[in-house]
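Descriptive structure summary
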Amino acid sequence: MIYHGAFNATSTELEEHLKAIGEVVPQWVYSMYSQTHFHSTTHEVLGIVSGSARLCFGGEENPERFEPTVQRGDLIIVPAGVGHRLLEDLQGNQEEFQMVGAYPHGKHWDMCYGKPEEKAKAQRIKDVAWFRQDPLYGVDGPALHV
């Protein structure tokens, strides 16, 4: 789920806004890993605060994968279990691709890579509850209408 052009804020301002809504807790400012990975324990909220990039959701081998271009001001909600990775930082040295990463209260993210030994972790994805309110817009945002 991508909200294009959803905000105009620095990383600090976006972190404060997310904290004020109260659905997620900002935990880091960084790029996206270039290796496909997913989280079995939580959904992930990513707010692009600088640069632009081409990302891959669903895994490179998946014919139904999604490869959007995102930029500053976009917010992405990555459901638990959805593989994702950075394909290309489109700005190079002009403006490095950076995101605020946030997770629901009480959730701790893990790193899974689709290896056979992670099968038990993948089984618990179905038990990860969806958001009670939209992480960016609050009580009646788009995340509640999926």
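Residue numbering note: each chain is counted from 1, following its sequence as written. Residues qualify for local features only when their pLDDT is at least 70, as the model is predicted, and side-chain atom pairs are given and counted only at 80 or more; totals for whole chains, interfaces and linings, by contrast, use all residues. No hydrogens and no water enter the side-chain calculation; it runs on all heavy atoms of the structure.

**Regarding the pairing of strand β8 (residues 98–104)**
Where burial is concerned, most of β8 is hidden: seven out of the seven residues are buried. Two strands are counted as paired when DSSP detects at least two bridges linking them. Secondary structure follows DSSP: runs of H or I at least 4 residues long count as helices, runs of E at least 2 residues long count as strands, and numbering of each begins at the N terminus. Where strand β2 (residues 24–30) lies against β8, six bridges are found, and the strand directions are antiparallel. When the bridges of β8 are listed, Tyr30 appears paired with Met99. Note: strand β3 (residues 44–50) against β8, five bridges, orientation antiparallel. Looking across to β8, one finds that Ser50 is bridged to Gln98. Buried residues are those whose accessible area, probed at 1.4 Å on protein chains only, stays under 20% of the maximum for their type, while exposed residues exceed 50% and partly exposed ones sit between those limits.

**Remarks on the environment of Gln91**
Within the secondary structure, Gln91 is located in the loop between β7 (84–89) and β8. A relative accessible area of 28% places Gln91 in the partly exposed class. Along the sequence, Gln91 and Ser50 sit 41 residues apart, while their C-alpha atoms lie 9.4 Å from each other. Each residue touching Gln91, except ones within four places of it in the same chain, is listed here: Gly51 and Ser52. Only heavy atoms enter the contact rule, under which two residues are in contact if any of them lie within 4.5 Å.

**Side note on the environment of Trp28**
Among the structural elements, Trp28 can be located in strand β2. With 25 residues separating them along the chain, Trp28 and Ala53 place their C-alpha atoms 18 Å apart. When neighbours within four sequence positions are excluded, Trp28 is seen to be in contact with Glu44, Leu46, Met99, Val100, Gly101 and Tyr103. Looking at Trp28, its side chain comes within polar contact range of the side chain of Tyr103, at 2.9 Å. The definition of a polar contact used here is a pair of N or O atoms within 3.5 Å, where within protein one atom must be able to donate a hydrogen and the other to accept one, and adjacent residues in sequence count solely through side-chain atom pairs.

**Digging into the pattern of salt bridges**
When a carboxyl oxygen of Asp or Glu is within 4 Å of a side-chain nitrogen of Lys or Arg, the pair counts as a salt bridge. Following the criterion strictly, the structure yields eight salt bridges and no others. Among the salt bridges present, the one from Glu16 reaches Lys19, with a minimum N-O distance of 3.6 Å. With Glu16 and Lys19 both in helix α1 (residues 11–21) and three residues apart, the pair spans about one turn of that helix. On the basis of relative accessible area, Lys19 is assigned to the partly exposed category, the value being 45%.

**What about the UniProt feature "domain: Cupin type-1" (unreviewed entry) in the chain?**
UniProt positions are given in the numbering used here, feature names are shortened, and annotations may be inferred rather than shown by experiment. Here, UniProt's "domain: Cupin type-1" (unreviewed entry) annotation points to residues 35–84. Counting secondary structure, residues 35–84 comes out at 0% helix and 42% strand; the distance between its end C-alpha atoms is 8 Å.

**Notes on the sheet that holds strand β4 (residues 52–57)**
Taken together, three strands build an open sheet; the order of strands is β5-β4-β7 and the sheet is antiparallel. Of all strands in the sheet, those bounded by a partner on one side alone are β5 (69–71) and β7. Between one strand axis and the next, the sheet turns through 40° on average, direction left out of account. Across three bridges, the pairing between β4 and β5 is antiparallel. Bridged to Ala53 within β5 is Val70. All axes here are fitted lines through C-alpha atoms, helices being fitted over the stretch that makes contact, and every angle between N-to-C directions spans 0 to 180 degrees.

**Observations regarding the pairing of strand β6 (residues 75–78)**
Neither face of β6 is exposed, since Leu75 and Ile77 on one face and Ile76 and Val78 on the opposite face are all buried. Bridge analysis of strand β1 (residues 2–3) against β6 gives two bridges, and the strand direction is antiparallel. Opposite Ile2, over in β6, you have Ile76 as the bridge partner. In terms of strand pairing, β3 meets β6 through four bridges, oriented antiparallel.

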